[in-house]
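Understanding the architecture of this molecule
What follows is each chain in one-letter form.
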Amino acid sequence: MVSVVNLVLMGVVIALHTLIAAVMTRFFRLRLKTQWGYILYALFLIPLVLFVSTLVFSGVFGIGVDLGSPTAALGVMIGMPLALGFTIDTLYVPPPEEYENLPNSR
């Protein structure tokens with residue numbers, strides 16, 4: 001039986017994963033000068049971080065519900081937050097080129 005607390009905690013973990021994916025995507029967009037560079041890093045490094053985080057939250061802390069299969073769990077805990085975080089940063093946050101360069105504080 002699924003409890004309300006487990007559902008709420010799982011929602012919090014999914015929101016945290018989305019935030020992590022958005023922040024990491026933004027970091028890669030700012031640091032890497034090529035267009036494909038941040039996409040490749042986002043597609044390979046962010047899922048690794050989310051996978052480790054999923055193992056910690058579901059294994060050590062026991063947060064989450066039984067989704068029936070490992071594929072569904074990976075899709076909900078890694079795939080959906082990765083897609084949401086990448087979309088939020090790419091579509092709703094202005095690109096780094098639009099910001100004016102700030103003067104050096106020397």
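Quick look at the structure, then. (Residues numbered from 1 in each chain as written. Predicted model: local features only at pLDDT ≥ 70, side-chain atom pairs only at ≥ 80, totals over all residues. Heavy atoms only, no water.)

1. Focus: the nonpolar core
In terms of nonpolar packing, the biggest core is built from 10 residues, these being A21, M24, F28, Y38, I39, A42, I46, L50, I78 and L82. Secondary structure elements with two or more residues in this core: helix 1 (4-31), helix 2 (35-60) and helix 3 (70-92). Looking at this core element by element, the count peaks at 5 residues for helix 2. Leave out the neighbours within four places in its chain, and F28 touches Y38, Y41, A42, L45 and I46. If you look at the next biggest cluster of nonpolar residues, it comprises 6 residues, including I14, F57, I63 and M77. (Core = buried A, V, L, I, M, F, W, Y, C linked by side-chain atoms within 4.5 Å. Buried < 20%, exposed > 50% of the residue type's maximum accessible area, 1.4 Å probe, protein only. Helix = DSSP H or I, 4+ residues; strand = E, 2+ residues; numbered from the N terminus. Contact = heavy atoms within 4.5 Å.)

2. Some thoughts on the environment of F51
Among the structural elements, F51 can be located in helix 2. Residue F51 is classed as partly exposed on the basis of its relative accessible area of 37%.

3. Brief notes about the pattern of salt bridges
Evaluation of the coordinates by the stated rule reveals 2 salt bridges. As a salt-bridge pair, D89 and R26 come within 3.8 Å of each other at their nearest N and O atoms. Of this pair, D89 sits in helix 3 while R26 sits in helix 1, and the two are 63 residues apart along the sequence. The exposure class assigned to D89 is buried, which follows from its relative accessible area of 2%. With a closest N to O distance of 3.3 Å, R29 and D89 form a salt bridge. You can see R29 sitting in helix 1 and its partner D89 sitting in helix 3, a full 60 residues away along the chain. Comparing R29 with D89 shows no difference in burial state: the two are buried. One network of salt bridges, in which partners are shared, links R26, R29 and D89. (Salt bridge = Lys/Arg side-chain N within 4 Å of Asp/Glu carboxyl O.)

Just geometry here; none of it tells us what the structure is for.
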